[in-house]
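# Chains, contacts and geometry: an overview
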Amino acid sequence: MTADRGGFAGLDSCVHCGFCLQACPTYLATGDEADSPRGRIALMRALERGEIAAADAALTTHLDRCLGCRGCEPVCPSGVAYGRGLEAARERLAARDGPPPLARFALHAMTSRELSPVVYALARAVRATGLPRRLAGWGRLRFAMGMLGASGPMRNAEWGMRNGRSLHDSAFAIPHSALSPALLFRGCVMEGLFSHVHDATVRTLATNGVATGEVAGQGCCGALHAHAGLVAEARALARVNVAAFAGSDAPVVVNSAGCGAILKDYGHLLPGDPAAAAFAARVRDATELLAERGPVPGAPLGVRVAYDPPCHLLHAQGVAEPPWRVLAAIPDAAPIETPGAARCCGSAGLYGLIQPEMSRAVLAPKLEELRAAAPDVVATGNPGCQLQLGAGLAAAGIATEVCHPVELLDRSYRAAGYYA
Ligand code: SF4
Ligand code: SF4
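Bear in mind that the values here come from a model prediction, so they are computed numbers and not experimental data.

Here we take up the environment of Ala150. Here Ala150 is to be found in the loop between helix H8 (140-149) and strand S1 (180-184). According to the relative accessible area criterion, Ala150 is buried, its value standing at 7%. Note: C-alpha distance between Ala150 and Ala391 (241 residues apart in sequence) is 6.3 Å. Sequence-distant contacts of Ala150, defined by excluding residues within four places in its chain, comprise Arg133, Gln386, Leu387, Gly390 and Ala391.

Right under this line is the structure:
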């Protein structure tokens, strides 16, 4: 076997034990072996060997249904690199057909430098009317409205404020000379719809001694392209970011799990490029940087919080503890952990657009667990998860908000009087 097998080689260690089956949301939804990691590995290996054609309908059906959540990796005793294999298989399939036209258009609308600012400005204007929240429900259009409605800042302005600014009488300040630098990765969806999370990230990091700087010329991380098999486009985007962030050793802070996972993987995406590997080594999730520094405690919020770990933070980046430590800095917010929290919510980039039925089927058990646990808010550090969970909760009539963990910490700091 030779090195040009790429990601397919990562599948070789599969011993067909089946330990991964119960960790796979699509297998749990259909009970079909071909919708399990083991079944898909068999299909991908057959594709590599040429025993199945890239045009084979069963192959594309079952690989298209994979969320790419990588929930199968941590439970695998043989260390199968499922994600790498899937990436290689999708690249091969995309070379033949490419993503469906709707997904291609969505990708362009969400990530292109020319079109996306217009799309996001329009989306924010519609969101500001309040209509998306009122129209949220099941069905493609109503679910999309729910997603847009879920993208705004936390609605409940009272959380934390009932406690008064109890811990500190004046604004908390660290002398500027004591601050260490970091550079903010803004991304496209985060910048377009979640700039309030960027603001919360900058404030909470400053409170913990990190001064976050801006970097001109950065762009989309390329994650959605890579997941769709458009690896050449993902590489082109990666090169732009590597060049934009060059010339500094400061950590690159990212608050989107999906972006963070691919930014940390740029060394693999651009093999043989030392600058890409050096960039990747600097990337830190915002919760990692905060957790390294405590974070300093805030004020109570008086809310029940559930934490839902994004797959691309927990499985792809292996970042498990830091978000809990961020939430633990809120004195009364010991988060609830629902039994299926570590399973994918069904968001998975453009998956909801391409596989709406499976996406909803994967989401359904998570919604029922949240209905039973009845938290006031679910914290999750990825825009796709926030949109999917927010739209699902609204459609299911569950009065639970969704936000980023850093937003909750920010509110807690505001309530503590660290800043106005
Ligand atoms: S991927 Fe891992 S857990 Fe799943 S069948 Fe193969 S060896 Fe077993
Ligand atoms: S990546 Fe997720 S959906 Fe795909 S096989 Fe693994 S666990 Fe199942």
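Below, the discussion takes up the pattern of salt bridges. All chains considered together, the criterion is met by 16 salt bridges. Where Glu51 meets Arg49, a salt bridge forms, and the shortest distance between an N and an O atom there is 2.8 Å. With a closest N to O distance of 2.7 Å, Glu191 and Arg186 form a salt bridge. Take Glu191: its relative accessible area is 34%, and that puts it in the partly exposed class.

A few words on the site of ligand 1. Close contacts around ligand 1 come from 13 residues, with Cys14, Cys17, Gly18, Cys20 and Cys76 the closest. Tallied by class, residues from the shell around ligand 1 come to nine nonpolar, three polar and one charged.

Moving on, we get to a nonpolar patch on the surface. Residues Leu102, Leu353 and Ile354 make up a contiguous nonpolar surface patch of roughly 220 Å² in combined accessible area. Relative to the helices and strands, Ile354 resides in helix H19 (residues 351-354). Among the residues examined, Ile354 registers a relative accessible area of 36% and is labelled partly exposed.

Turning to the packing of aromatic side chains, a few remarks are in order. For the structure on display, the rule yields six aromatic pairs. Judged by centre distance (6.2 Å) and plane angle (35°), the rings of Phe185 and Phe245 are tilted. Here Phe245 lies in the loop between helix H12 (231-244) and strand S3 (252-254) and Phe185 lies in the loop between S1 and helix H9 (189-193), a separation of 60 residues in the sequence. Summarising the aromatic geometry, the rings of Tyr307 and Trp324 are spaced 5.4 Å apart at their centres and angled 75° between planes, so their arrangement reads as edge-to-face. Within this pair, whereas Tyr307 is found in strand S5 (residues 305-307), its partner Trp324 is found in helix H18 (residues 321-328), the two being separated by 17 residues in sequence. Accessibility expressed as a relative area gives 2% for Tyr307, which makes it buried. On the accessibility criterion, Trp324 (22% relative accessible area) is partly exposed. Looking at Arg360, its charged tip hangs above the ring of Phe143, at a distance of 3.8 Å from the centre.

A few words now on the site of ligand 2. Looking at ligand 2, there are 13 residues lining it, with Cys24, Cys66, Cys69, Arg70 and Cys72 nearest. Mapped onto the shell around ligand 2, the elements with two or more residues apiece are helix H1 (25-30) and helix H2 (37-49). Its residues assigned to classes, the shell around ligand 2 shows eight nonpolar, three polar and two charged.

This part takes up the packing of helix H10 (residues 195-207) against helix H22 (residues 405-416). Each pair of packed helices can be described by the angle between their axes along with the distance between the axes. Viewed as axis vectors pointing N to C, H10 and H22 meet at an angle of 55°, and their least axial separation amounts to 9 Å. Of the possible angle classes, the one that applies to H10 and H22 is oblique. Between H10 and H22 the crossing geometry is left-handed. Contacts between H10 and H22 involve His196, Val197, Ala200, Thr201, Arg203, Thr204 and Thr207 on the former and, on the latter, Val406, Glu407, Leu409, Asp410, Tyr413 and Arg414. Its residues assigned to classes, the contact of H10 with H22 comprises five nonpolar, four polar and four charged.

Turning our attention to the sheet that holds strand S6 (residues 377-379). By way of backbone hydrogen bonds, the strands of a sheet pair with one another, either parallel or antiparallel. One open sheet holds the three strands; their spatial order is S5-S6-S7, and the pairing between them is parallel. Two strands lie at the open edges of the sheet, namely S5 and strand S7 (401-403), each paired on one side alone. Ignoring which end each strand starts from, the neighbouring axes of this sheet average 25° apart. Sheet analysis places S5 next to S6, joined by three bridges and oriented parallel. Each bridged residue has a counterpart across the sheet, and for Val305 the counterpart in S6 is Val377.

Parameters at a glance
- Residues numbered from 1 in each chain as written.
- Chains lettered and ligands numbered in written order.
- Predicted model: local features only at pLDDT ≥ 70, side-chain atom pairs only at ≥ 80, totals over all residues.
- Heavy atoms only, no water.
- Helix = DSSP H or I, 4+ residues; strand = E, 2+ residues; numbered from the N terminus.
- Buried < 20%, exposed > 50% of the residue type's maximum accessible area, 1.4 Å probe, protein only.
- Contact = heavy atoms within 4.5 Å.
- Salt bridge = Lys/Arg side-chain N within 4 Å of Asp/Glu carboxyl O.
- Near = heavy atom within 4 Å.
- Nonpolar A, V, L, I, M, F, W, Y, C, P; charged D, E, K, R; others polar.
- Patch = residues over 30% accessible without salt bridge, like charges linked within 9 Å, V, L, I, M, F, W, Y side chains within 5 Å.
- Areas by Shrake-Rupley, 256 points an atom, 1.4 Å probe, with all protein chains shown as cover.
- Phe/Tyr/Trp six-rings, centres within 6.5 Å; stacked < 30°, edge-to-face > 60°.
- Lys NZ or Arg CZ within 6 Å of the ring centre and 35° of its normal.
- Axes fitted to C-alpha atoms, helices over the stretch in contact; angles between N-to-C directions.
- Parallel < 35°, antiparallel > 145°, perpendicular 65-115°, else oblique.
- Left-handed = near helix turned anticlockwise from the far one by under 90°.
- Pairing = 2+ DSSP bridges.

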